[in-house]
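Summary of the model geometry
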Amino acid sequence: VRITEFMVAFNAGLVSFHTARETREAHWMEKATNVVAAFEKFSKINEWNFEHMYLLLKAELHHTKGETNEAAQAYYLSAEAAQKRRFIHHSALACELAAHYFGNVGLKEKTREMIKRSHDAYMEWGAARKAKAVINLLELKWLDGN
C-alpha cells in the first residue's frame, strides 16, 4: 500500500462525513465509518503516522452524530497529536474543521481560537494563501468579521 492510498482514504472519509451531514443519506455515513475503522487499525500499527488522522476522523464521526463533548475532545486531541509529530498541515486541518464545528454549535470563542490556531499552523507550514483564506472564510461565515 502506498502512502497516497492512505491519504485518498483519509480524505474520502472526511468528505463522506461532510456529505453525510449535508444529505443525511445513510450510505455516506457507512462509508465514513468504514474509514474510521480502517484508520483505527492503522493507528494501532503505526501510531506516529496515523493517530492524528484517526482522531480527526473520529471527531468528524462525533460531529456527524451530534456528540458535542466527544467531538470537541477529538478535534483537540487530533490537532495536538499532529502538531507533536510535526504534521503541521494536519494540525491546521484539524483546527480548521474544529472551527467549522464550533461555529455550527454556536461556540464563538472556541471558533475564534481554532481559526487562529488553523491560520498559525498553515503559516508555519508555509501556506500563506490558505492561512489567509481560512481567516477570510471562517470569520465571515462564523463570526461576521468580529
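How each quantity is defined
Residues numbered from 1 in each chain as written. Predicted model: local features only at pLDDT ≥ 70, side-chain atom pairs only at ≥ 80, totals over all residues. Heavy atoms only, no water. Phe/Tyr/Trp six-rings, centres within 6.5 Å; stacked < 30°, edge-to-face > 60°. Helix = DSSP H or I, 4+ residues; strand = E, 2+ residues; numbered from the N terminus. Buried < 20%, exposed > 50% of the residue type's maximum accessible area, 1.4 Å probe, protein only. Lys NZ or Arg CZ within 6 Å of the ring centre and 35° of its normal.

Quick look at the packing of aromatic side chains now. Summed over all chains, the structure comprises 9 aromatic pairs. Pairing Phe 10 with Phe 39 gives two aromatic rings, centres 6.0 Å apart and planes at 55°, and the pair type is tilted. Here the residue Phe 10 occupies a position in helix α1 (residues 3-23), and Phe 39 occupies one in helix α2 (residues 26-45), the gap between them amounting to 29 residues. Each member of the pair, Phe 10 together with Phe 39, is buried. A ring pair is formed by Phe 42 and Phe 50, whose centres lie 5.6 Å apart and whose planes are at 50°; its orientation type is tilted. Taking relative accessible area as the criterion, Phe 50 reaches 7% and is therefore assigned buried. Of the aromatic side chains, those joined through ring pairs into one cluster are Phe 6, Phe 10, Phe 39, Phe 42 and Phe 50. Note that Lys 31 overlies the ring of Trp 28, its terminal NZ or CZ placed 5.2 Å from the centroid.

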